[in-house]
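# Overview (structure and organization)
Each chain is listed here by its residues.
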Amino acid sequence: MTGHLKRLLDPGSIAYIGGAQIAGPIRASLRAGYDGEIRVINPVRDEIDGIACAPSIADLPSPPDAAVVALSPERAIATVEELSRAGAGGAVVMSSGFAEIGTDVGRDRQERLKIAAGAMPLLGPNCMGLINQFSGAAVWGDDNHIERQTGPAAAIISQSGALLIGMTNVEEAFPLGYAVSVGNQSGTSVSELIDAVLADERINAIGLYIEGLDDGEAFGQACLRAVDKGVPVVALKGGDGEQGSRVSLSHTASMVMERDIWQAFCTRFAIVEVFSPKALVESLKLLTIGGLPKGNRVSIVSYSGGLNGLAAAAAAKNGLELPMPTPANAEMLAQTMPETVTLNNPLDLNIPFRASDGSISMQNTAGVADALVAFGENVSDQMAFFIDVPRPGVAGLDKVWCDSLEALTTVRRKLGIPISVAGILPEGLSPDFRKHMQANGVAALQGYADTMEALTVSAGVASAQDRLKSQRKSKPLLHGAIPTCPRMLDEAESKYALSGFGLETPVNRAVSIADAPAAAAEIGFPVAVKVLSSTIAHKAQVGGVALDLQDTNAVEVACRRMARTVSQAESGHEVTNVIVEGMVTGADAELIVGVKRHPAIGLALMVGRGGTRTEEMARFETTLLPLTDGALDAIFARLGVNGHPAANELRKACQAVAAYAISQSERLMSLDVNPVMLTSDGRALAADALIVLGE
């Protein structure tokens, strides 16, 4: 490992600074066989857990590579400053009471902590720290199991320390090299940690638990560097929804993201998402031990027809293909297998425990291997064998089941694709057996549902890599502080601004109420009349829209009614001007094209089913700006509009909105074009638009 985080992540010496709390990580390091120097600093105690205490940092023989700071917030700030001045390699600040408490006092403490650290790497505050399971180093906040690793292994970087406590203390046969808790990220960021663990050649996969981001571009580029190196990035997102956002803000003070922006971010930067902590663990096992598949074709084997029915349904739902063997191999299998086996995928390997005539049986490891090789040869990108092995005991019930599973190591060698064996139940394979299989290159997974998700994630990694290869390098995200002092442009101003970038609108005139009938006659009937206002965002909800007006008299009546209705709804709002617009004919679809922003990620383009029921329908797709190759194609396909006669014009409309948004990236707060009317003769007309700019 190279770089400024090397000493912190792979320390040759650790200083534990605090009271009784630091006894736990000292014990964890010693129990794991950590062979570096352990130093303890406490000014009032002679020893902690049998190790003599130095009264201060200045009394150490040399600056530590890493330090665990378990002190009150103010004392932690002072101690971090001492460590930085002394030349320490990095520090973990466990203390809470910083920005996560949401007060000026907490934010001020965090800023002072950052200044105190200077150039020294800092994890936290409000975090558990890190465990290096290669060396046994617990730069960590408590006692912990440490399962030593040699590699290949995964790394997990998490905004939750508790998740890592569970994964490291409960999971067995989990090839985890680094467990890093980042807390509030006042110093070292997730993106820096991704690069640091990526420098370790033993790391085959990176897992993330993320609640929010502060610099989306830096984070995303770090993920791309990992993918370019062949190290997939798998992420579990927390903090979704209003309740989740509140919890996340009080947890690590992260800037949370709406789910659609997060999904667009994952697509942009080849991150594959999981939806539970256990699925994150199983996905990392599969990717670390099994390696990367080339596609989404999966061969599934079990001794259970019932399980196979579940797996087939799940595969179809998750976009996994279940290929049949090649015709030649299918013929060979039909001759080899007993008549109790029906050739299918998933395959119910209904063979006997043993066969006296030497034909295929569970004890005939070579025969099982040949059959499985034929089953997946030239058609499969990965293979999974589901089985629950009876727990070991005096009866030896597990032995007869394990023989056939040994065949998987041969299958792995001959096919050269990821091979996994999975318990149907989470307890279906013993830890010792899982370790044995993984030592031989077969990923050993736990639980049917989490394994199916891991297989889906693995295929998703292949898809993400293919997508990146086919597109040019994208321009950086347009992130920055949210503008203040919002000012809404009225519909006429909004349409005029967007038309300069190529957005097509129906013929319209912005006029006074008195001039509306004449404007309508000039445009030609039927027309729509809408209140022109820089304060009313939803005109239809306050009676500010009249449609399909057929003559000048109808326009006059509509304008009088509109003035009265809007005034009542908006507490005396005077309607003086309106926009008169020709009605769109031949429209058979309405869409919304909009832009929103996140301070850490920037601008995002949203395309969805539009009209007055946009919020109710909630069917939309999001991509980040600037647009990448193929982004609009993918959105149109998911919305089902690729084959519409106006698809090309819709593309131009989206590109126009995106171009305007980029031109106003420092000022734009939000933008909605709703609806964009798609007509059967190939037009895409913006019937309404609303832009909000800031300073």
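So, a few notes on the structure that sits alongside this text. (Residues numbered from 1 in each chain as written. Predicted model: local features only at pLDDT ≥ 70, side-chain atom pairs only at ≥ 80, totals over all residues. Heavy atoms only, no water.)

## Focus on the side chain of Ser95
Tracing the sequence through the fold places Ser95 in the loop between strand S6 (91–93) and helix H4 (104–117). Of the polar contacts made by the side chain of Ser95, one reaches the backbone oxygen of Leu71; its length is 2.4 Å. Not counting chain neighbours up to four residues away, the residues in contact with Ser95 comprise Val69, Leu71, Ser72, Pro73, Ala76, Pro125 and Asn126. (Helix = DSSP H or I, 4+ residues; strand = E, 2+ residues; numbered from the N terminus. Polar contact = N/O pair within 3.5 Å; in protein donor to acceptor, adjacent residues only side chain to side chain. Contact = heavy atoms within 4.5 Å.)

## Digging into the pattern of salt bridges
A side chain of one charge can pair with a side chain of the opposite charge when the charged atoms of the two come close. What the rule picks out here adds up to 35 salt bridges. For Asp370, the salt bridge is made with Lys414, and the minimal N-O distance between the two is 3.9 Å. A residue pair is termed long-range when its members are at least 10 positions apart, and Asp370 in helix H13 (residues 365–376) and Lys414 in helix H14 (residues 399–415) qualify at 44 residues. By sharing partners, the salt bridges in this structure join Glu491, Lys495, Lys530, Lys539, Glu581 and Asp688 into a single network. (Salt bridge = Lys/Arg side-chain N within 4 Å of Asp/Glu carboxyl O.)

## Some details on the nonpolar core
With 94 residues, the main nonpolar core has Ile157, Ile206, Leu208, Phe219 and Phe265 as its most contacted residues. When residues no more than four places from it in sequence are discounted, the contact partners of Phe265 are Leu213, Gly216, Phe219, Gly220, Ile271, Leu477, Ile601 and Leu624. Core analysis: the next-biggest nonpolar cluster, separate from the first, contains 36 residues, Leu591, Leu605, Leu632 and Val676 among them. (Core = buried A, V, L, I, M, F, W, Y, C linked by side-chain atoms within 4.5 Å. Buried < 20%, exposed > 50% of the residue type's maximum accessible area, 1.4 Å probe, protein only.)

## Some thoughts on the pairing of strand S25 (residues 587–598)
The buried count for S25 comes to nine of twelve residues, which makes it a mostly enclosed element. Alignment of S25 against strand S28 (residues 668–679), held across seven bridges, turns out to be antiparallel. Paired with Val593 across the strands is Val673, a residue of S28. Sheet analysis places S25 next to strand S26 (residues 602–609), joined by eight bridges and oriented antiparallel. Bridge assignment links Arg597 to a residue of S26, and that residue is Leu603. Hairpin connection of S25 to S26: three residues between the antiparallel strands. (Pairing = 2+ DSSP bridges.)

## Observations regarding the packing of aromatic side chains
Applying the stated rule across the entire model yields nine aromatic pairs. Ring geometry for Tyr303 versus Trp401: centroids 6.0 Å apart, planes at 65°, classification edge-to-face. One end of the pair, Tyr303, is in the loop between strand S15 (298–302) and helix H11 (305–317); the other, Trp401, is in helix H14, and 98 residues separate them in sequence. The partly exposed category is assigned to Trp401, whose relative accessible area is 22%. Taken together, Phe219, Trp262, Phe265 and Phe269 form an aromatic cluster joined through their ring pairs. Just above the ring of Phe134 sits the side chain of Arg202; from NZ or CZ to the centre is 3.6 Å. (Phe/Tyr/Trp six-rings, centres within 6.5 Å; stacked < 30°, edge-to-face > 60°. Lys NZ or Arg CZ within 6 Å of the ring centre and 35° of its normal.)

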